[in-house]
There are 4 protein chains.
Amino acid sequence: MKKDKHLKPWQQKLHEVIYEADTPAGKLFDLAILFVIVISVILVMLESVTAYIMEYAHEFYVAEWIITIIFTVEYILRILCIKRPKTYVLSFYGIVDLLSTLPSYIGLLVGGANLLFAIRALRLLRVFRILKVTRYIGESQKLIKALKNSKAKILVFLFAVLIICVIAGTLMHLVEGGNGGFDNIPLSIYWCIVTLTTVGFGDIAPITPLGRLIASLIMIMGYGIIAVPTGIVSAEYSKSYETKTPTNTQVCPNCNETKHLDGAEYCHNCSHKLNE
Amino acid sequence: MKKDKHLKPWQQKLHEVIYEADTPAGKLFDLAILFVIVISVILVMLESVTAYIMEYAHEFYVAEWIITIIFTVEYILRILCIKRPKTYVLSFYGIVDLLSTLPSYIGLLVGGANLLFAIRALRLLRVFRILKVTRYIGESQKLIKALKNSKAKILVFLFAVLIICVIAGTLMHLVEGGNGGFDNIPLSIYWCIVTLTTVGFGDIAPITPLGRLIASLIMIMGYGIIAVPTGIVSAEYSKSYETKTPTNTQVCPNCNETKHLDGAEYCHNCSHKLNE
Amino acid sequence: MKKDKHLKPWQQKLHEVIYEADTPAGKLFDLAILFVIVISVILVMLESVTAYIMEYAHEFYVAEWIITIIFTVEYILRILCIKRPKTYVLSFYGIVDLLSTLPSYIGLLVGGANLLFAIRALRLLRVFRILKVTRYIGESQKLIKALKNSKAKILVFLFAVLIICVIAGTLMHLVEGGNGGFDNIPLSIYWCIVTLTTVGFGDIAPITPLGRLIASLIMIMGYGIIAVPTGIVSAEYSKSYETKTPTNTQVCPNCNETKHLDGAEYCHNCSHKLNE
Amino acid sequence: MKKDKHLKPWQQKLHEVIYEADTPAGKLFDLAILFVIVISVILVMLESVTAYIMEYAHEFYVAEWIITIIFTVEYILRILCIKRPKTYVLSFYGIVDLLSTLPSYIGLLVGGANLLFAIRALRLLRVFRILKVTRYIGESQKLIKALKNSKAKILVFLFAVLIICVIAGTLMHLVEGGNGGFDNIPLSIYWCIVTLTTVGFGDIAPITPLGRLIASLIMIMGYGIIAVPTGIVSAEYSKSYETKTPTNTQVCPNCNETKHLDGAEYCHNCSHKLNE
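Bear in mind that the values here come from a model prediction, so they are computed numbers and not experimental data. (Residues numbered from 1 in each chain as written. Chains lettered and ligands numbered in written order. Predicted model: local features only at pLDDT ≥ 70, side-chain atom pairs only at ≥ 80, totals over all residues. Heavy atoms only, no water.)

Caption draft 1: The arrangement of the overall build of chain A in detail. Scanning chain A from terminus to terminus reveals 12 helices and 0 strands. Listing the helices and strands of chain A from first to last along the sequence gives α-α-α-α-α-α-α-α-α-α-α-α. Looking at chain A as a whole, 47% of its 276 residues qualify as buried. The long-range fraction of contacts in chain A, counting pairs at least 24 apart against all pairs at least 6 apart in sequence, stands at 52%. Accessible surface computed for chain A: about 14000 Å², of which carbon and sulfur atoms make up 69%. (Helix = DSSP H or I, 4+ residues; strand = E, 2+ residues; numbered from the N terminus. Buried < 20%, exposed > 50% of the residue type's maximum accessible area, 1.4 Å probe, protein only. Contact = heavy atoms within 4.5 Å. Areas by Shrake-Rupley, 256 points an atom, 1.4 Å probe, with all protein chains shown as cover.)

Caption draft 2: Focus on the nonpolar core. Among the nonpolar cores identified, the biggest contains 228 residues, and W191 of chain A, W191 of chain B, W191 of chain C together with W191 of chain D are the most heavily contacted of them. Excluding residues that lie within four positions of it along the chain, W191 of chain A makes contacts with M172, F182, I204, A205, P206, A215 and I218 of chain A together with F201 of chain D. (Core = buried A, V, L, I, M, F, W, Y, C linked by side-chain atoms within 4.5 Å.)

Caption draft 3: Just the environment of L155 of chain A, in detail. Tracing the chain through its elements places L155 of chain A in helix α9 (residues 151-176). Sequence separation between L155 of chain A and P229 of chain A is 74 residues; the distance between their C-alpha atoms is 9.5 Å.

Caption draft 4: Inspection of the pattern of salt bridges at higher detail. Residues and elements named next belong to chain A. Applying the stated rule across the entire model yields 6 salt bridges over all chains. We note a salt bridge from E74 to R78, for which the minimum N-O separation is 2.9 Å. Linking E74 with R78, this pair stays in helix α4 (residues 57-80), spanning 4 residues, or about one helical turn. Take E74: its relative accessible area is 2%, and that puts it in the buried class. (Salt bridge = Lys/Arg side-chain N within 4 Å of Asp/Glu carboxyl O.)

Caption draft 5: A look at the UniProt feature "transmembrane region" (unreviewed entry) in chain A. Residue and element names in this part refer to chain A. As annotated by UniProt and renumbered to match this structure, "transmembrane region" (unreviewed entry) occupies residues 31-54, 60-81, 112-131, 152-175, 187-206 and 213-235. Taken as a whole, residues 60-81 contains 95% helix and 0% strand, while its terminal C-alpha atoms sit 32 Å from one another. Annotation note: span residues 187-206, helix share 50%, strand share 0%, distance between end C-alpha atoms 13 Å. (UniProt positions renumbered as here; feature names shortened; annotations may be inferred.)

The structure is reproduced here in structure tokens:
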């Protein structure tokens, strides 16, 4: 381990408030940040509704800057009170914190009507603030781990789905070629994905009898093979739940019998006293 | 335990009929109430069909009052024949019983054309009577328990779905911005939920190639991650089925310790020889 | 057991051909009937296409009568060569056999333009012939058994779905009342079922922001609770698969030790020879 | 085993590069072929977009021939460096390799405007090149094996789905007969498949109350029975994960019998005392 710089007392206190949730102050800080995050994401959403941005342009502007300043202060404090700021800055949450705060400042610097789309895209980056919420959910770690364990299998499955869609899409393009939604193969593949995943928008739908027959096969296939990822994750979960033998690793000093019940005081094989 | 008021004989008899289903009278009472509940809910539904309410307004009115009176009597009897009426009144079923009976009376009191919407909303509360049916389903307890056990994980999962939808919705708004259904972010998020849950109404659908590519990814993601809640509940269910501790039912003749390992010859608690 | 009438040799031979599939003749008979069933169902389908029935009315008529006569002969033979004809006639397959053959004869008897709908309905009964196919699928028994085991739980689940739909449908009717698809509660409930089951036709869809919010909740709920029936059936299936201890019920004649490994010849506890 | 022809040194070297992935050259070859496959499939897709084929007809032509030549060379090399070329040519990948290369040559030979559709279909066969990718995915073998194990059950399930759809489709045709989408039974069955699999395009949807009631039942059924294939595959997967025989690895010093029960003191085969 490298030699870390020593934290001053005020830094240690700050670290406890910001990075931990054991003290009342720490819990309050977490709740306050959670509140600002939710408010902030709702604001980004409402801002996109034309009617609202027209009427409350000024209010949105003020609110956005208050939130930006709060997050800027949080970001600086987080850097100040940690031993190795680099670890934080380059961590997932460090990048999310920066990415969701920066757009407001960049929007200030580059103000030009001809950059509108880029700025709009930038401003929407602020929605990533919602990822800051995951910091406060303990259970999510387990879920992510379970998904990671079956990742390889799920990826292979999704890849198989893609191959099916490419081939079925090409077939549908050939059969339904003349009709609206199947003009070209990429579109037919898009339709196949919509169908196989049982989403079924209905903006594109087969018209010819043969096309409908193939569509039926794709649907039944999609209905059947959804069992595969489910089976994988189920088995993965079940595995971790399976009852281990409730025995311990105590060895009888007399007969070397192992696998004694938890809490056993005498060997069940030779009646010799077990060591605690 | 607090001192309960003593029930008089007629109260005890009534209690047996209303709260229990062991006697023929109790079973008959349950069936009668079930019948009235079903009729009542069907009436509330039909009442909302304009054609019916126009033609049979009077019949609906009469039927509704008959049902209201039956439920009122039931409510009063339930209070009369129980030791601690408060427990019932504040219980889930007590609230449902009150909530589904009161609207008729309130509708009688406040009659004014300017309160139409409030009254309509109130009257629809009567549909909650259907919850009274759950009282008669034994199996439902197990289901609710299984759901409760995996509640935390399912909530985290649904929260993850929401985060995905917020980010994907913002992205779709950026990409498909000019087109009908993606005008603002809340609408785009609504579309993402419709798509990720594989519902796919089709009232809103992407048009641009890039939008369709992102939509495909969302759909495949939705098709894949549905495995997660399923896996959780499956594992939760399987767990309760799994073979328990591999111990036997031998009882130590010396210390009465139970749950000895299969094959144990001496008590693990007091070293006494176990009976074969 | 009641005294059965004795089968004559030709009846026994016929029984072997019709009811069993061990002999070449029996297999051939099964295949022939399977072929006629498939042809018959396809004919019923094609007959419903206006263009076909217009042009090939006579051919359909002839084909239908050939098939009807074949099934009539099969029905009579099945009755002739069984000990207790009543058992067959009242069995599931006996009823299906009768139900799918009778319509043709009835259609012959009652010929009147004013009975058109009833006759059309009757004629469509012939489609039930497809159920005759299940006779030839061995695996289906296991599936039906697995479904039967979890029937009670699945019914409770579907009932819960119905209750959710009734309440959510009423809510949607209240919120979206003015708009097309939510005019009355039955229609709103229909929409809720379409949505909760993730089918999502899109012929009815919410328009108001609040309606869309509730719709989102219904969809996420439907996406989440699909895990419940899946979990039930998975657990039910897994249970039957669980590895039983590969030990037998042999008891050592010397020390009464039980649970010996399959194939063990000597007691693993006292070395005494085990009985075969 | 038949006597194989001996491979010359250059054939052995080539075999290592083409059929194996252990050497750097072998890995490079695999990556190169993977790259060409992906490019090739993307080209086939883009070619179907009218706007692109109009503008870049020549470029597509050139690219296609380069790819065809690469795959032809690969095909010839694969035949040259294998002991029994027949095994490869008749294998799944051999057929895919041929099938996806041939169309370009055939398109060259038969050039006539009146064969347009056949040629178009032929050219689309090239999309099967995507199946060549599966050669490089190890995990897929396990998935295919798991699917194969539950194939019989899944097929029976899908067959049951089909029977339900035929009967429900006929019923819907009878009930909704007059309306657009239910004109004939094949169309009604198509709609039933769309509904039962929870795809729900919405291009066809019931209008009559009775039709909607039946539709609701079909949807709830589809929502409920999706649990069946999932349960099958889950159990199949879990089975392979489950803890095996509770025997230990003790070897009898007398008869070398293995797999003794945990806790056994004497060999169950020859009664010799086991070592602790």
